[in-house]
Amino acid sequence: AQSVAQPEDQVNVAEGNPLTVKCTYSVSGNPYLFWYVQYPNRGLQFLLKYITGDNLVKGSYGFEAEFNKSQTSFHLKKPSALVSDSALYFCAVRDNTGNQFYFGTGTSLTVIP
Amino acid sequence: EAGVAQSPRYKIIEKRQSVAFWCNPISGHATLYWYQQILGQGPKLLIQFQNNGVVDDSQLPKDRFSAERLKGVDSTLKIQPAKLEDSAVYLCASSSAGTGGTDTQYFGPGTRLTVL
């Protein structure tokens, strides 16, 4: 069965420090991996995705994520956090054989000034 | 480019009543998705349309939920009758490509449903 795990419900980081939001997945076949961000009372916004190719994917707002097949992970990273990055982050996965799209439970990121 | 539009933004009903949500996808997007997001959880895919056909509705509670996209553009999601556990945010998303898994989904602001 396909699944996505975000092991941390809450991540706190000081402004200017690097941030990491963790995601691991389980799929049959090759995974398609996505990161979305959700601000209060707003829909999800696309950040980046991994389909194939370079394991390091760069996305919107300075975010990047690294696909690690051996560890089945797709952690979201940013070199220097901003207070405005505080939001709810969702990892999602889809395999290349099915139509279902699975989201993790989300990680609440707080950047402390 | 206009985003995905949804209405209403908020709805409060009593259990056993019926409710309908409307979604207008980004112009030209062939694929439309409805998700249910319960507080504290990630979105759960309910149904996926490709133009006016259903691609996947395996997680749609068909005894009470229905959805249609008759002309392959806008879509409605209905709940009849509603239960307390249906309280959630209902998100609509659309994408330009067909099925295959690689396309980016763009989400609307959602409809927050409260069932009393």
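Residues numbered from 1 in each chain as written. Chains lettered and ligands numbered in written order. Predicted model: local features only at pLDDT ≥ 70, side-chain atom pairs only at ≥ 80, totals over all residues. Heavy atoms only, no water.

Draft legend 1. Spotlight on the overall build of chain A. Scanning chain A from terminus to terminus reveals zero helices and twelve strands. Overall, chain A shows an N-to-C arrangement of helices and strands of β-β-β-β-β-β-β-β-β-β-β-β. For 113 residues, the compact-globule formula gives about 13 Å, and the C-alpha radius of gyration of chain A, at 13 Å, lands near that figure. Taking the principal axes of the C-alpha coordinates as reference, chain A spans close to 45 × 30 × 20 Å. Residues classed as buried in chain A amount to 47% of the 113 residues present. Taking the contacts inside chain A whose residues are at least 6 apart along the sequence as the reference set, 57% of them involve residues at least 24 apart. Roughly 5200 Å² of accessible area belongs to chain A as shown, and the carbon and sulfur atoms make up 49% of that amount. (Helix = DSSP H or I, 4+ residues; strand = E, 2+ residues; numbered from the N terminus. Rg over C-alpha atoms; globule rule 2.2 N^0.38 Å. Buried < 20%, exposed > 50% of the residue type's maximum accessible area, 1.4 Å probe, protein only. Contact = heavy atoms within 4.5 Å. Areas by Shrake-Rupley, 256 points an atom, 1.4 Å probe, with all protein chains shown as cover.)

Draft legend 2. Molecular detail of the environment of Tyr25 of chain A. Residue and element names in this part refer to chain A. Take Tyr25: it is sitting in strand S4 (residues 24-26). Separated by 68 residues in the primary sequence, Tyr25 and Val93 have C-alpha atoms spaced 7.2 Å apart. Among all residues touching Tyr25, those that are not within four sequence positions of it are Ser3, Val4, Pro31, Leu33, Phe67, Asn68, Lys69, Thr72, Ser73 and Val93.

Draft legend 3. Seen up close, the side chain of Gln6 of chain A. Residue and element names in this part refer to chain A. Relative to the helices and strands, Gln6 resides in the loop between strand S1 (3-5) and strand S2 (10-14). In terms of polar contacts, Gln6 uses its side chain to reach the backbone amide nitrogen of Cys91, at 3.0 Å. With sequence-adjacent residues up to four places away left out, Gln6 is seen in contact with Val21, Lys22, Trp35, Tyr89, Phe90, Cys91, Gly104, Thr105, Gly106 and Thr107. (Polar contact = N/O pair within 3.5 Å; in protein donor to acceptor, adjacent residues only side chain to side chain.)

Draft legend 4. Broad picture of the pattern of salt bridges. Scanning all chains against the criterion turns up six salt bridges over all chains. Here Glu66 of chain A makes a salt bridge to Lys77 of chain A, at a shortest N to O gap of 3.9 Å. With Glu66 of chain A in strand S8 (residues 64-68) and Lys77 of chain A in strand S9 (residues 73-78), this pair connects stretches of sequence that are eleven residues apart. One salt bridge in this structure joins Asp103 of chain B and Arg94 of chain A, with 3.8 Å as the shortest N-O distance. In this pair, Asp103 of chain B is assigned in the loop between strand S9 (88-95) and strand S10 (106-107) and Arg94 of chain A in strand S10 (residues 87-95), connecting two distinct chains. (Salt bridge = Lys/Arg side-chain N within 4 Å of Asp/Glu carboxyl O.)

Draft legend 5. Spotlight on the interface of chain A and chain B. Tallying the contact residues gives 20 residues for chain A and 27 residues for chain B. The junction of chain A with chain B conceals about 1800 Å² of combined surface from both sides, 47% of it contributed by carbon and sulfur atoms. Along the contact surface separating chain A from chain B lie one salt bridge. Inspection of the region where chain A meets chain B yields four residue pairs in polar contact (both at pLDDT 80 or more). Elements with a contribution of two residues or more to the side of chain A that touches chain B: strand S5 (31-38), strand S6 (44-50), S10 and strand S11 (102-103) of chain A. Sort the elements by how many residues they give to the side of chain A that touches chain B and S5 of chain A lands first, with four residues. Of the residues that constitute the side of chain A that touches chain B, the class distribution is ten nonpolar, seven polar and three charged. (Buried area = accessible area lost by both parts, 1.4 Å probe. Nonpolar A, V, L, I, M, F, W, Y, C, P; charged D, E, K, R; others polar.)

Draft legend 6. Inspection of the pairing of S5 of chain A at higher detail. All names here are of chain A. Of all eight residues making up S5, eight are buried, and the element is well covered by its neighbours. Residues Pro31, Leu33, Trp35 and Val37 line one face of S5 and the alternating positions Tyr32, Phe34, Tyr36 and Gln38 line the opposite face, and both faces are buried. As paired elements, S5 and S10 share eight bridges and run antiparallel to each other. The residue bridging Trp35 from the neighbouring strand is Cys91, located in S10. Pairing analysis gives six bridges linking S5 to S6, with the strands arranged antiparallel. Bridge pairing in S6 places Tyr36 opposite Phe46. In this structure, the hairpin formed by S5 and S6 is closed by a connection of five residues, where Asn41 is found at a positive phi of approximately 60°. (Pairing = 2+ DSSP bridges.)

Draft legend 7. Structural context of the environment of Asp74 of chain B. Residue and element names in this part refer to chain B. Its location among the elements puts Asp74 in the loop between strand S7 (65-68) and strand S8 (75-79). For Asp74, the contacting residues outside a window of four places in its chain are Trp22, Cys23, Asn24, Pro25, Glu68 and Arg69. Within the structure, Asp74 has its side chain in polar contact with the side chain of Trp22 (distance 2.9 Å).

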